[in-house]
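Chain by chain, the residues:
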Amino acid sequence: MQSILRWFVVTSVLLALASCGTQQYSSQVRANSRQASVDFGPNVKIFDPSMPTSQIQATVDAIAHQQVDSEMGTQRYALLFKPGIYGSVANPLIIQVGYYTEVAGLGESPTDVTINGHVDVYNRCLAADNCIALDNFWRSVSNLTINVTGLSGCRSSGNFWAVSQAAPMRRVKITGGNLTLMDYCTAGPQYASGGFIADSQTDFIINGSQQQFLVRNSNIGGWSNGVWNQVFSGVVGAPPQSFSTLPGNPPYTTLASSPITREKPFLYLDSSGRYKVFVPAPRRNSVGSNWGSGPTAGTSIPIDDFFIAKPTDSAQTINKALARGQNLIFTPGIYSLDKTIKITRANTVVLGIGLPTLVPSDGKITMTVADVPAVKLSGLLFDAGPVNSPVLLQVGTRHAHESDSDDPTTLQDIFFRIGGAGLGKATTSLVVNSDNTILDDLWVWRADHGSGVGWTINTADTGVVVNGDDVTAYGLFVEHYQKYQVIWNGENGRTIMFQSEMPYDPPNQAAWMHDGINGYASYKVADSVKTHEAWGLGSYCFFNVDPSIHATRAFEVPVTPGVKLHDLLTVSLGGVGVIDHVVNDTGGPAQGAATIPVNLVSYP
């Protein structure tokens, strides 16, 4: 009887354990099933290394064919690669990245995804003899390794990333060849204008025709040359500081470290195949990439903590998700918003994939961030609507001073557009009221070409207004606004690399002046500011409607010991207009068809 009882007890326990294990297994299966069924929408293409290279190649070729000339088009795509190896030396994968296309790995480290082949951007040929990269905007590559192989002739020499503004490269490792930022394999002038690389490791980099560029917190194997304004911040292997007024000296601005940074959050798959978003921790006085010597410090957030927005979702639906405490992923597409998107919770992460574009209706503010710290916004394009908005993105309210210096709010790969794709108007594109905010790769653009473009059509006063204290900007590109491009009212501001073009289209001098001063400065630091510092600043003019127009100065700052500018320049493009002075009344005129910059090493 006791033996039978013992058998019954043991059997019951084993059955209970088996049942428990089955339940746990079933729960895990259900969890994995939920993960596998995460719906990012039809324009997020997710590749697996088990797929034939020919199948992947056909998909990326079809998207490239559609997007490579679609500068003002409506389609957006994200091409995401699960951990593994794609292509081979014998059968490479060649990805050409067109407009509104994001290419990204889904590993925890850039070395978890390897592309044997190329991830390239080439010149856009507007005519057979006019191939340029000046308009190669709105695309990105991140979080993968490119082992350069597979092309012959001119393009065999390296991976081509011939881009201008709003085309960042982040968390990329390039081996087996150079990285070239200029496409020298086509006919025509081959010009390129702008660019941003961060948290990457590369072999030798060919700058070529890039007029200005920022490389931040990376490891590079060398740099070929400069044109007007090449800036390096916290870069291992950067060329030495050499910006000068003397002809022949490369225009290099080199900072040994970056004062405060946070790398961009990214989507990834963990070792169990679950989607998560990783938020890197801030770093101070940092040098080099933050993944090359070990795992990146930071926090992982499960995908269940995110609302995955589609273009069909209303602003009300999105705001309800945010009010529930969820973070937010915008998937590719164009979002027509009849209400303001409101970020009200500290530490909220808003991540765009595939260049999602937010368009307000009826003159609304597109998005506001409340007076809360540590909000992370990245990967979004703010497009102005046809009814004037007072502002497109407002971060905090003025004088609130609610922030955390150890966990700053960050705006990364945030882009603005007034006109170009259609009629758009906004008085100011971005207002930063919060203290301790990092601006990391912003292109703020009043369109100079496309549809809905003209002095009285795509109206916009100012690109960026900074009211917060202790705001740091890396790669601030602001162009063509009708008054000041940037107004900086906050204390202890810092800018590392600024590029700006004044508006092309003032109809005459009388239409573009104030208080008896010709034009408006590109970069205005308020008279009340006591402390401000900036490095690597460039402002250009091209007054093609009335070439007789003058701008009195490009930079306007208070004369006080705490306000310091380093390595700044002005250029008149083809001599079409004149900038009389570089900063305040210092520096000679930028003028003449030779397009020679006027350099100033420091001010005061």
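The preceding data block contains the structure.
Residues numbered from 1 in each chain as written. Predicted model: local features only at pLDDT ≥ 70, side-chain atom pairs only at ≥ 80, totals over all residues. Heavy atoms only, no water.

Asks: Is there a simple way to explain the state of the cysteines in this structure?
Replies: Linking two cysteines covalently via their sulfur atoms produces the bond known as a disulfide. Overall, the coordinates contain two disulfides when judged by the stated rule. The disulfide that involves Cys125 links it to Cys131, with 2.0 Å between the sulfurs. Note on the Cys125 and Cys131 pair: the S-S dihedral is about 105°, so by sign convention the disulfide is right-handed. Judged by its relative accessible area of 2%, Cys131 falls in the buried class. Through a disulfide, Cys154 is tied to Cys185; the S-S separation comes to 1.9 Å. What sets the handedness of the Cys154 and Cys185 disulfide is the S-S torsion sign, and at about -80° it is left-handed. Residue Cys154 is located in the loop between strand E9 (139-148) and strand E10 (158-160), and its partner Cys185 is located in the loop between strand E12 (178-180) and strand E13 (196-198); the two are separated by 31 residues in the primary sequence. Note on Cys154: relative accessible area 37%, which makes it partly exposed. The connectivity of the disulfide bonds within the protein chain can be written as 1-2, 3-4, using the sequence rank of each bonded cysteine. (Disulfide = S-S within 2.5 Å. Buried < 20%, exposed > 50% of the residue type's maximum accessible area, 1.4 Å probe, protein only. Helix = DSSP H or I, 4+ residues; strand = E, 2+ residues; numbered from the N terminus.)

Asks: Looking at this structure, I do not really get the sheet that holds strand E19 (residues 266-269). What am I missing?
Replies: Strands in a sheet are paired, the pairing made by backbone hydrogen bonds, and the direction either parallel or antiparallel. An order of E19-E20-E22 is seen for the three strands of this open sheet, with the pairing classed as antiparallel. Lying at the two open borders of the sheet, with one neighbouring strand each, are E19 and strand E22 (298-302). Recorded for the sheet is a direction-independent mean angle of 35° between the axes of neighbouring strands. Bridge count for strand E20 (residues 275-280) against E22 is five bridges, and the pairing is antiparallel. Residue pairing in the sheet places Phe278 in a bridge with Ser300 of E22. (Pairing = 2+ DSSP bridges. Axes fitted to C-alpha atoms, helices over the stretch in contact; angles between N-to-C directions.)

Asks: Hey, could you run me through the sheet that holds E12 in this one?
Replies: The strand order E10-E12-E14 describes an open sheet built from three strands, whose pairing is parallel. On the outer flanks of this sheet lie E10 and strand E14 (205-206), each paired with one strand and no other. Sheet topology places E12 next to E14; two bridges connect them, and they run parallel. The residue of E14 that forms the bridge with Leu179 is Ile205.

Asks: Explain the nonpolar core here, please?
Replies: The nonpolar side chains of a soluble globular protein tend to be buried with one another. Counting 80 residues, the largest nonpolar core has Phe330, Met367, Leu393 and Phe555 as its most contacted members. Those residues within four positions of Leu393 in sequence are excluded, and the remaining contacts are Met367, Leu377, Phe382, Leu411, Ile414, Phe416, Ser429, Leu430 and Val431. The next biggest cluster of nonpolar side chains, apart from the first, holds 37 residues, and it includes Val113, Leu144, Ile174 and Leu181. (Core = buried A, V, L, I, M, F, W, Y, C linked by side-chain atoms within 4.5 Å. Contact = heavy atoms within 4.5 Å.)

Asks: What is the right way to look at helix H2 (residues 53-67) in this model?
Replies: Between its terminal C-alpha atoms H2 stretches 21 Å, which fits the 21 Å expected from 15 residues at 1.5 Å a residue. The set of residues buried in H2 consists of Thr53, Ile56, Gln57, Val60, Ile63, Ala64 and Gln67. Down the axis of H2, the buried side of the element spans an arc of 135°, and every buried residue falls inside it. In H2, those exposed residues whose orientation departs by more than 90 degrees from the buried face are Ser54 and His65. Buried residues along H2 sit in contact with strand E1 (44-47), strand E2 (77-81), strand E3 (84-86), strand E4 (93-96) and strand E5 (101-105). (Expected span 1.5 Å × (residues − 1). Arc of directions from axis to C-beta.)

Asks: Looking at this model, I keep getting lost on the side chain of Asp120. Mind explaining?
Replies: Here Asp120 is to be found in strand E6 (residues 113-120). Arg155 is the oppositely charged side chain nearest to the buried, salt-bridge-free Asp120, at an N-O distance of 5.9 Å. Polar contacts involving the side chain of Asp120 include one to the main-chain amide nitrogen of Phe160, which spans 2.8 Å. Every residue in contact with Asp120, bar those within four places of it in the chain, is listed here: Ile95, Gln96, Val97, Leu151, Asn159 and Phe160. (Lys, Arg positive; Asp, Glu negative; His and termini not counted. Salt bridge = Lys/Arg side-chain N within 4 Å of Asp/Glu carboxyl O. Polar contact = N/O pair within 3.5 Å; in protein donor to acceptor, adjacent residues only side chain to side chain.)

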